[in-house]
Amino acid sequence: MNKTIMLAAVMLTAGTASAQNAPAGSAERGQKIFMHQMCFNCHGTVGQGGGVAGPKLAPNPFPWAAFAQQVRKPRAEMTPYSEKNLSEQDLADAYAYLVSIKPGPAAKDVPLLSGF
Ligand code: HEC
């Protein structure tokens, strides 16, 4: 099975359970880890994505299992993070940070953008 299919399988089985299955984490600490570990460099400070460097991560991050799998064993170009450099707690905190990011308002709900 190639990595893409494996990831898809993990995502399907993790599916609707998503954030509920994630270990408890601190979004506040996770934000620091996200910066300190350079995730922001490729994925943007609020996980908005960095163009060619890395895809958007938030809002609505991957389910926990797929997220953890990607960070430990990236499916393509991303740098892998072993437990030596990023503990399970760090990973859980970084995930809590991404889960805490709320989507911005829709363009139609921003008064300055009405009429465009
Ligand atoms: C050097 C740039 C780089 C850094 C640093 C980086 N990523 Fe990534 N990330 C990528 C790229 C490129 C992908 C696309 C898939 C791949 O290459 O494996 C990706 C994919 C992902 C995905 C899957 C999202 C998707 O839609 O494919 C997650 C989740 C993720 N990264 C989390 C993280 C976290 C958390 C950190 C910090 C601990 C981090 N990344 C650091 C480049 C990076």
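In what follows, the structure referred to is the one given above.
Keep in mind it's a predicted model, so treat the numbers as computed, not measured. (Residues numbered from 1 in each chain as written. Predicted model: local features only at pLDDT ≥ 70, side-chain atom pairs only at ≥ 80, totals over all residues. Heavy atoms only, no water.)

### With respect to the nonpolar core
Threshold: Each nonpolar core is a collection of buried residues, namely Ala, Val, Leu, Ile, Met, Phe, Trp, Tyr and Cys, held together in the definition by side-chain atoms within 4.5 Å. Exposure is judged per residue with a 1.4 Å probe applied to protein chains only, and the accessible area is read against the type maximum: over 50% gives exposed, under 20% gives buried, and values in between give partly exposed. Secondary structure follows DSSP: runs of H or I at least 4 residues long count as helices, runs of E at least 2 residues long count as strands, and numbering of each begins at the N terminus. The contact definition used throughout considers only heavy atoms, calling two residues in contact when any of these lie within 4.5 Å.
One finds Trp 64, Phe 67, Val 71, Leu 86, Leu 91 and Leu 98 to be the most contacted residues of the largest nonpolar core, which totals 18 residues. Those elements giving two or more residues to this core turn out to be α2 (27-36), α4 (64-72) and α5 (88-100). If we skip the residues at most four places from it in the chain, Leu 98 touches Phe 34, Gly 47, Leu 57, Ala 58, Pro 61 and Phe 67.

### Digging into the side chain of Gln 70
How we decide: For this analysis, a polar contact is any N or O atom pair within 3.5 Å, provided that within protein one partner can donate a hydrogen and the other can accept it, and provided that sequence-adjacent residues contribute only side-chain to side-chain pairs.
Counting through the fold element by element, Gln 70 comes out in helix α4. Of note is the side chain of Gln 70, whose polar atom sits 3.0 Å from the side chain of Arg 75. If we skip the residues at most four places from it in the chain, Gln 70 touches Arg 75 and Met 78.

### So, the site of the ligand
The following threshold applies: What makes a residue near a molecule or strand is one non-hydrogen atom of that residue sitting within 4 Å of it.
Taken together, 18 residues form the shell around the ligand, and within it Cys 39, Cys 42, His 43, Glu 77 and Met 78 come nearest. At 2.9 Å, a backbone N or O of Ala 76 approaches an oxygen atom of the ligand. Met 78 places a polar main-chain atom, nitrogen or oxygen, 2.9 Å from an oxygen atom of the ligand. Of all elements in the fold, only α3 (39-43) and α4 reach the threshold of two or more residues within the shell around the ligand.

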